[in-house]
Amino acid sequence: ARIEKSGYKHFMAKEIAEQPVVIADALKHYTGGGVNPALQLPEGVDFTGVDRVMMVACGTASYACHVAKYWFEQIAGLPAEVDIASEFRYRDPVLSEKSWAVFVSQSGETADTLAALRHAKEKVAKVVSVVNVPTSSIARESDLSLPILAGVEVGVASTKAFTCQLTVLALMAIKAGLDRGRLTADQAGELLVGLRNLPGLMNHALALSAPIAAIAEELAEAQDVLFLGRGAMFPLALEGALKLKEISYIHAEGYASGELKHGPIALIDARVPVIVLAPRDALFDKTVSNMQEVMARHGKVLLISDAQGVAEAGHGVWRTLTLPEVPAALAPILYAVPAQLLAYHTAIAKGTDVDQPRNLAKSVTVE
Ligand code: G6P
């Protein structure tokens, strides 16, 4: 069937809005439809005896891997690495027969990721892929492939594929936690319930579209924008910056909040918006103190947090956005929504081509 915009101005807007539905579908597929979600991953997803996961991807998919690295290590105590596919082969990675190599790709056709897969094949315990196109080369050449079930993604800037990749990777990390005895069935169940509640929370985040559009009018004037986050919100800062630069052509960088003082703080003045992704989690106070360093130098802070976080730290910042509370581990999935909407509305304010940004391709099949 032909893919339509179904009343949306852009595919990107449609794909952002679809996230609660496609994530709910993916969760139903992998955790069943009953009252109590239970993991139903393919049989081969068994981490017993696995010593390490090496994740490899490009672009947005690589940031999903970076979030998952925190999950595999925190939830499952399983060492995890992330490589950019174009670097993987050439750094002579040390591959082991006890490790898994996990390739994450929306299209399943990205040349660098496919070449990296072929490099790892036969040298690791298992080649696993997490893809949106189940008939793709990457899916076909893996020992085991998990579809993310996002449906066709048309916008060049990946949105729903990112959050569906995160969803599937979170399920894998929970499975790893169970297989390795790091999680009790109850703890796993709690995480699964948290995942199942995400689509509802995402609808609240989507409802912030109008205030985000108002902020975007001002962001559109910026030359440079910084995104800051700590923990698993750090890779989300990278993804927020990538989205913004891809479609609005504003220079943007993501930084780990703690790295601010090691360089980027030199850029801060009253013209530089700094977007702080800070749910009220264990790292919140540290991130807030980094945010205050920005404010002391007259940086324009947009604080994205939950109600408690905004109440505690929102005083005196340029703008705030309030998201619902979410279990700390799952915050990157929810906070992806305002990051995407900020990029989208800034591009609209600038009048750039949202679905077909200049110089970019949906799927890059050359190395
Ligand atoms: C291109 C797209 C990005 C995407 C990247 C990886 O650069 O513009 O949105 O994240 O390729 O694509 P893949 O299909 O492998 O996820």
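Structure: above.
The structure displayed is predicted, hence computed values, not measured ones. (Residues numbered from 1 in each chain as written. Predicted model: local features only at pLDDT ≥ 70, side-chain atom pairs only at ≥ 80, totals over all residues.)

Student: In this structure, what is going on with the overall build of the protein? I would like to understand it.
Tutor: When its secondary structure is counted, the protein shows 13 helices and 10 strands. Here the C-alpha coordinates of the protein stretch approximately 55 × 45 × 40 Å along the principal axes. The proportion of buried residues among the 367 residues of the protein is 52%. In the protein, of all internal contacts separated by at least 6 residues, the share reaching a separation of at least 24 is 74%. (Helix = DSSP H or I, 4+ residues; strand = E, 2+ residues; numbered from the N terminus. Buried ≥ 20, exposed ≤ 12 C-beta atoms within 10 Å, placed from the backbone. Contact = placed C-beta atoms within 7 Å.)

Student: Would you explain the site of the ligand in this entry?
Tutor: Around the ligand there are 16 residues in total, and Gly59, Thr60, Ser105, Ser107 and Thr110 lie nearest to it. Looking at which element gives the most residues to the shell around the ligand, the answer is helix α3 (residues 59–76), with three residues. Its residues assigned to classes, the shell around the ligand comprises six nonpolar, nine polar and one charged. (Near = placed C-beta within 6 Å. Nonpolar A, V, L, I, M, F, W, Y, C, P; charged D, E, K, R; others polar.)

Student: Help me out: how do you make sense of the environment of Ile268 in this one?
Tutor: Within the secondary structure, Ile268 is located in the loop between β7 (251–256) and β8 (273–277). On the neighbour-count criterion, Ile268 (21 C-beta atoms within 10 Å) is buried. Expressed as a C-alpha distance, the spacing of Ile268 and Arg297, which sit 29 residues apart in the sequence, is 6.4 Å. Excluding its chain neighbours within four sequence positions, the residues that come into contact with Ile268 are Val294, Arg297 and Gly299.

Student: Where do I start with the sheet that holds strand β2 (residues 80–84) in this structure?
Tutor: Either a parallel or an antiparallel arrangement is found when strands of a sheet pair, and the pairing is made through backbone hydrogen bonds. Pairing within the open sheet is parallel, and its five strands lie in the order β2-β1-β3-β4-β5. Each end of this open sheet is capped by a strand with a single partner; those strands are β2 and β5 (144–147). Strand-to-strand twist across the sheet, computed as the mean angle between neighbouring axes with direction ignored, equals 20 degrees. In this structure, strand β1 (residues 52–57) lies alongside β2, joined through five bridges in parallel fashion. Residue Ala57 lies in a different strand from β2, and its bridge partner there is Ile84. Seen against the sheet, α3 touches β1, β2 and β3 (99–105) and runs at an angle of roughly 170 degrees to β2. In this fold helix α5 (residues 111–120) packs onto β1, β3 and β4 (126–131), with an angle of close to 165 degrees to the strand it touches most, β3. (Pairing = 2+ DSSP bridges. Axes fitted to C-alpha atoms, helices over the stretch in contact; angles between N-to-C directions.)

Student: It is not clear to me how the sheet that holds β8 should be interpreted in this structure. Could you clarify?
Tutor: Pairing within the open sheet is parallel, and its five strands lie in the order β7-β6-β8-β9-β10. Each edge of the open sheet carries a strand with a single partner, namely β7 and β10 (319–323). If you compare each strand with its neighbour and ignore which way they point, the axes differ by 15 degrees on average. Bridge analysis of strand β9 (residues 300–306) against β10 gives five bridges, and the strand direction is parallel. Among the inter-strand pairings, Leu303 is bridged to a residue of β10, identified as Thr320. Against the sheet, helix α10 (residues 233–248) engages β6 (224–229), β7 and β8, with an angle of about 180 degrees to β7. On the sheet, helix α13 (residues 331–350) packs against β8, β9 and β10 and is oriented at approximately 140 degrees with respect to β10.

Student: I'm lost on unusual backbone geometry in this one. Help?
Tutor: Among all residues except glycine, the phi angle is most often negative; among peptide bonds, the trans geometry is most common. One non-glycine residue, Ser6, lies in positive phi territory at about 40 degrees. For Ser6, a count of 9 C-beta atoms within 10 Å corresponds to the exposed category. With a phi close to 70 degrees, His298 is a non-glycine residue in the positive phi region. Position of His298 among the secondary structure elements: in the loop between α11 (284–296) and β9.

Student: Explain the nonpolar core here, please?
Tutor: Considering soluble globular proteins, one finds that nonpolar side chains tend to be buried as a cluster. Of all hydrophobic cores here, the largest spans 128 residues; its most connected members are Met55, Ala173, Val276, Leu277 and Leu334. It is α13 that provides the largest number of residues to this core, a total of 13 residues. In this view, Val276 contacts Leu228, Thr287, Met291, Val301, Leu302, Leu303 and Ile304; residues no more than four positions away in its chain are not counted. (Core = buried A, V, L, I, M, F, W, Y, C linked by C-beta atoms within 7 Å.)

Student: Would you explain helix α7 (residues 160–179) in this entry?
Tutor: Note that an α-helix has 3.6 residues per turn; residues three or four places apart therefore point the same way. For α7, spanning 20 residues, the distance from its first C-alpha to its last is 29 Å, which sits close to the expected 28 Å at 1.5 Å a residue. Of all 20 residues that make up α7, 18 are buried, and the element is covered over most of its length. Downstream of α7 by one or two residues, Gly181 has phi in the positive range, about 70 degrees. (Expected span 1.5 Å × (residues − 1).)

Student: So what exactly am I meant to see when it comes to α3 here?
Tutor: Taking 1.5 Å of rise per residue, the 18 residues of α3 would be expected to cover 26 Å, and the 25 Å separating its terminal C-alpha atoms lies within 8% of that figure. Along α3, 14 of the 18 residues are buried, which leaves the element largely enclosed by surrounding structure. Just beyond α3, the residue with positive phi is Gly77, at close to 60 degrees.

Student: Just to check I follow, could you spell out the packing of α7 against α13 for this structure?
Tutor: Here α7 crosses α13 at 175 degrees, and the two axes come no closer than 10 Å. If you check the angle between α7 and α13, you find them roughly antiparallel. Contacts between α7 and α13 involve Phe162, Thr163, Leu166 and Thr167 on the former and, on the latter, Pro332, Ile333 and Ala336. (Parallel < 35°, antiparallel > 145°, perpendicular 65-115°, else oblique.)

Student: Please clarify how the environment of His251 should be interpreted in this entry.
Tutor: Looking at the secondary structure, you find His251 in strand β7. On a C-alpha basis, the gap between His251 and Val225 in space is 6.4 Å, while along the polypeptide they are 26 residues apart. Among residues more than four places away in sequence, those in contact with His251 are Gln223, Asp224 and Lys245.

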